[in-house]
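Listed below are the residues making up each chain.
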Amino acid sequence: MVAVQRVAMPRPIPFLCVVGILTAPPGTLAMPQAQDALGERPAVEGPMPVPPATVARDEAGRVTVRAVRIDSTLRIDGHLDEEQYRQTPPIDGFLQQEPREGEPSTESTEVWLFFDEGTIYVAARLHDSRASEIVANEMRRDSFNIFQNDNFGVIFDTFHDRRNGFFFYTNAVGGLSDQTVTDGRESNREWNTVWDCRTSRDDEGWSVEMAIPFRSLRYAHPGEQVWGINFRRTLRSRNEYTYLTRIPAAYGMRGMQRLSSAATLVGLVAPPSSLNLEVKPYVASVLRTDKDAEPAMTNDLDATAGVDVKYGITQGLTADFSINTDFAQVEEDEQQVNLTRFSLFFPERRDFFLEGQGIFAFGGGARGGGMGPPSNTPVLFYSRRIGLQEGETIPMHYGARVTGKAGPYSIGILSARTGGRDLEAGRAHSTNFLVARVKRDIFRRSSIGAIFTRRGPSIDGLSPNYAVGLDGNFVFFQNLSIDAYIARTDTPALNGDAMSYRGALDYMGDRYGLRVEHLHIGPDFNPEAGFVRRENVDRSLVQGRFSPRPAHSSRVRKYQFEAQVDYFESTAGIVETREIQGLFGIDFQSGDEWRIEGTSTYEYLDEPFEVTEGAFIPAGGYRFADVRTSLRLGSQRKASGNVAAGHGRFYDGTRTEASFRGRIELTPQLAVEPGISVNWIDLPVATYRNDVISARVNYAISPRTILSGLVQYNSNASAISSSVRFRWEYRPGSDLFLVYSEGRDTSRLHGPVRLANHSVALKFTRLFR
């Protein structure tokens, strides 16, 4: 038993003091290297496999699996022909989540878990009596479409805190994807680490072998481990999801993230701490022509170099440093249709900000750093504020971060400095950013935390802007959760109500669902290192759902009835938005989904709204209603995706919309992803059409070598943008990028499309471990 001294911590902790505490040698502080909330290695709650068995289950549904040490390195080729597979009993007994919760899988799945001094090996034999129906058409790394194929994945809860994990998965053609999971609900699919995977197929199914280095993970201490673990298999042609443990159907696609329902892993021995250092230098060059720049540039050559460094302070805490951070490899943001008065929210894809990103998530709203979809809940830290302004890149001179786990604490500290730049919309000042985040695990699945942000100077170039907040996430029983936060900002010249707070209750059962929320955003609440979609508002939301499953239907899996009232009122008591919505949907056994919804809206404009260039909807109150229907075609089809249409009133006019976003499989390596959204707007002040059309072509030469092209047209911006991107991961963690991009102006009514800009970028990175 390790004695733990509980010490009251002062509120402000300087950055260097925190790093000093976290890096102090063992024995200098009352901070034992531990896994559970009290600093003790957790006991195994459940049965123990008796060798040679590798899995054990009890009547309560608890599962324990045992890892087996091997003396020789496995050959990673997807063929399970080594002697270790014949000598070691597999882990089996997978259970359905869908379509029949808790029943055995319709097909057998066998898993082996081995390890040696430096690597964890996960191998699986996935039997399929209908092997010709296996869906396997995506090799692009980290593509969401891998989830839409037949796939297999493993998640490791390396701190055994039942809330955070590292998730690795693949499909039958060897497509790679990895992500981190935070607090059992937030996933970061942009995170990448070093690992290897191979697959093979035959007439009886498919096989997979994974090799995951220990140093690609974070864990509490070396030596004997007790982790959480789960495996998931998807049989796409039958729309069947199976897990090692029983996962409630109510969890849906997030079932793998619910680590409180995972199995326990024993027998694993992690290597002792060593110099865990990664250095990743880069060199990049861009040849650019921009006819609209001031002054215009032609074949302007720019070259740069920099380095990212990652250092393991402890087994659970990682420091990241970046000098002359480069964003040349960032993919072009996809165009979005925006017919609202509010800003769009784009995800973060830059490498430096990705590890531990979920730690910075605050208040139960959009994910930390800019990972999630738009939300009315403010984001106190939105990492795209660093190095990007008004859509333009701002030079980032350096950045430093510390993220990870220390006992029951999740810690994130970030400091960065950007340079100045003259933008058409105004000057970007040289700016320092500081973010500090800490969360403390409490109970089995709950947490409380605090966040502090500083941006200096503020956007207007005056005194620094500050934000501070406290939040909590409380999980009860299986499906009930409560999120709450309170936050305040301090901005020069804003002396009014700078508070924001939120409380939300969610009950997310399979048959019934209920959500109740109240949100307050004061008129002077202004987190300049964050993102606020709506300002000066009180929001109240009530949403109810009834989702029955027909007992004996070969076509329908679930019906969905949903009703929602969303009410926005300014802090002065004026109703800004009132939205009443009803929805009916059907989930089919095939994986197809159909929805129809009707919405009645009241919208008050306190000032004219420019709905399109030069056309303003007058201030005042407007009532309008619409109906919308959509059909999502399952990915087992050669052509899949989502088609939607809608019609109704729009302010004092009408709006008709039609859209399609999908994927057409040509071969397992070649696919086209078309997207089209057309809105016909008929208003007294203007009649116009807003088109956003895109087409992405992906050719996967191998899972680590991708050639892709993207063309986008936005009629509202009168622009066509296109790019061709070649990425070769010539060794794990090391990349070569070659990107050509151009923009064309379509604003001329009777003339050729004008080439406005084009560029060629080359970037080379090399990872040294």
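Under the defined criterion, the tally for this structure stands at 52 salt bridges. For the salt bridge of R69 with E117, the shortest nitrogen-to-oxygen distance reads 3.1 Å. Residue R69 is located in strand 3 (residues 68-69), and its partner E117 is located in the loop between strand 5 (109-115) and strand 6 (119-127); the two are separated by 48 residues in the primary sequence. What emerges from the salt-bridge pattern is a single network uniting R141, D178, D196, R198, R704 and E729.

What follows covers unusual backbone geometry. For the peptide bond that leads from P51 to P52, omega is 10 degrees, which places it in the cis range. Relative to the helices and strands, P52 resides in the loop between helix 1 (15-23) and strand 1 (55-57). A cis amide bond links E98 with the next residue in sequence, P99, at an omega value of 5 degrees. Along the chain, P99 falls in the loop between strand 4 (95-98) and strand 5.

Further remarks concern the nonpolar core. In globular proteins that are soluble, nonpolar side chains generally tend to be buried together. Formed by 40 residues in total, the largest nonpolar core has its most connected members in V122, F152, F156, F168 and F231. Mapped onto this core, the elements with two or more residues apiece are strand 2 (63-66), strand 5, strand 6, strand 7 (151-157), strand 8 (165-171), strand 12 (205-213), strand 14 (227-235) and strand 16 (263-266). If we ignore the near neighbours within four places in the chain, the residues touching F231 are I91, F94, V111, V122, F152, G153, V154, T242, Y243, L244 and M256. Residues A416, F433, V435 and F525 belong to the second largest nonpolar core, which totals 23 residues.

Attention now goes to the sheet that holds strand 5. If you walk across this open sheet you meet the five strands as 3-5-6-12-11, and the pairing is mixed. Looking at the sheet topology across the chains shown, the edges are occupied by strand 3 and strand 11 (196-202).

With that settled, the discussion passes to the pairing of strand 23 (residues 396-406). Within strand 23, nine of the eleven residues are buried, leaving the element largely enclosed by the surrounding structure. Summarising the sheet, strand 20 (residues 317-325) and strand 23 pair through eight bridges and their orientation is antiparallel. The residue bridging I323 from the neighbouring strand is Y398, located in strand 23. Relative to strand 24 (residues 409-418), strand 23 runs antiparallel, the two sharing ten bridges.

Our next topic: the pairing of strand 6. Burial analysis of strand 6 places eight of its nine residues in the buried class, which makes it a mostly covered element. Linking strand 5 to strand 6, which pair antiparallel, is a turn of three residues. As defined by bridge partners, strand 6 adjoins strand 12 across nine bridges and the pair is classed as antiparallel. Residue pairing in the sheet places L126 in a bridge with W206 of strand 12.

Throughout the structure, instances matching the rule amount to 31 aromatic pairs. With 6.1 Å between their ring centres and 50 degrees between their planes, F147 and F167 make a pair best called tilted. Here F147, found in the loop between strand 6 and strand 7, pairs with F167, found in strand 8; they are 20 residues apart in sequence, far enough to count as distant. Across the pair, F167 and F147 agree in class, each one buried. When the centroid spacing of 5.1 Å and the interplanar angle of 70 degrees are considered together, the rings of F168 and W195 count as edge-to-face. Here F168, found in strand 8, pairs with W195, found in the loop between strand 10 (186-188) and strand 11; they are 27 residues apart in sequence, far enough to count as distant. Accessibility expressed as a relative area gives 0% for F168, which makes it buried. Within the aromatic cluster, the residues linked to one another by ring pairs are Y512, F546, Y559, F561, F584 and W594. Against the face of F650 rests R655, its NZ or CZ located 6.0 Å from the ring centre. The lysine or arginine in question, K763, covers the ring of Y282, its NZ or CZ lying 5.0 Å from the ring centre.

Our next topic: a nonpolar patch on the surface. A cluster of nonpolar residues, L287, L301, Y699, I701, L707, V724, L738, Y740, V760 and L762, forms a patch on the protein surface that exposes about 830 Å² of accessible area. Elements that contribute at least two residues to the nonpolar patch include exactly strand 43 (687-702), strand 46 (734-745) and strand 47 (754-765). Position of L707 relative to the elements: it lies in strand 44 (residues 705-714). Exposure remark for L707: the relative accessible area of 37% places this residue in the partly exposed category.

Let us now look at the environment of Q357. With respect to the secondary-structure elements, Q357 resides in the loop between strand 20 and strand 21 (388-389). Overall, Q357 belongs to the buried group, its relative accessible area being 1%. Residues Q357 and N188, spaced 169 residues apart in sequence, show a C-alpha to C-alpha distance of 7.3 Å. Engagement of the side chain of Q357 in a polar contact is seen with the side chain of N188, the distance being 3.4 Å.

This next bit is on the confidence of the model for the protein. Residues with a pLDDT of 70 or more make up 88% of the protein, whose mean pLDDT is 87. Per-residue pLDDT stays below 50 along residues 1-40; that stretch engages in 43 contacts with residues further than four places along the chain or on separate chains. Contacts from residues 366-374, a stretch scored under 50 in pLDDT, to residues over four places away or in other chains number 35 contacts.

Conventions adopted
Residues numbered from 1 in each chain as written. Predicted model: local features only at pLDDT ≥ 70, side-chain atom pairs only at ≥ 80, totals over all residues. Heavy atoms only, no water. Salt bridge = Lys/Arg side-chain N within 4 Å of Asp/Glu carboxyl O. Helix = DSSP H or I, 4+ residues; strand = E, 2+ residues; numbered from the N terminus. Core = buried A, V, L, I, M, F, W, Y, C linked by side-chain atoms within 4.5 Å. Buried < 20%, exposed > 50% of the residue type's maximum accessible area, 1.4 Å probe, protein only. Contact = heavy atoms within 4.5 Å. Pairing = 2+ DSSP bridges. Phe/Tyr/Trp six-rings, centres within 6.5 Å; stacked < 30°, edge-to-face > 60°. Lys NZ or Arg CZ within 6 Å of the ring centre and 35° of its normal. Patch = residues over 30% accessible without salt bridge, like charges linked within 9 Å, V, L, I, M, F, W, Y side chains within 5 Å. Areas by Shrake-Rupley, 256 points an atom, 1.4 Å probe, with all protein chains shown as cover. Polar contact = N/O pair within 3.5 Å; in protein donor to acceptor, adjacent residues only side chain to side chain. pLDDT = per-residue confidence, 0-100.

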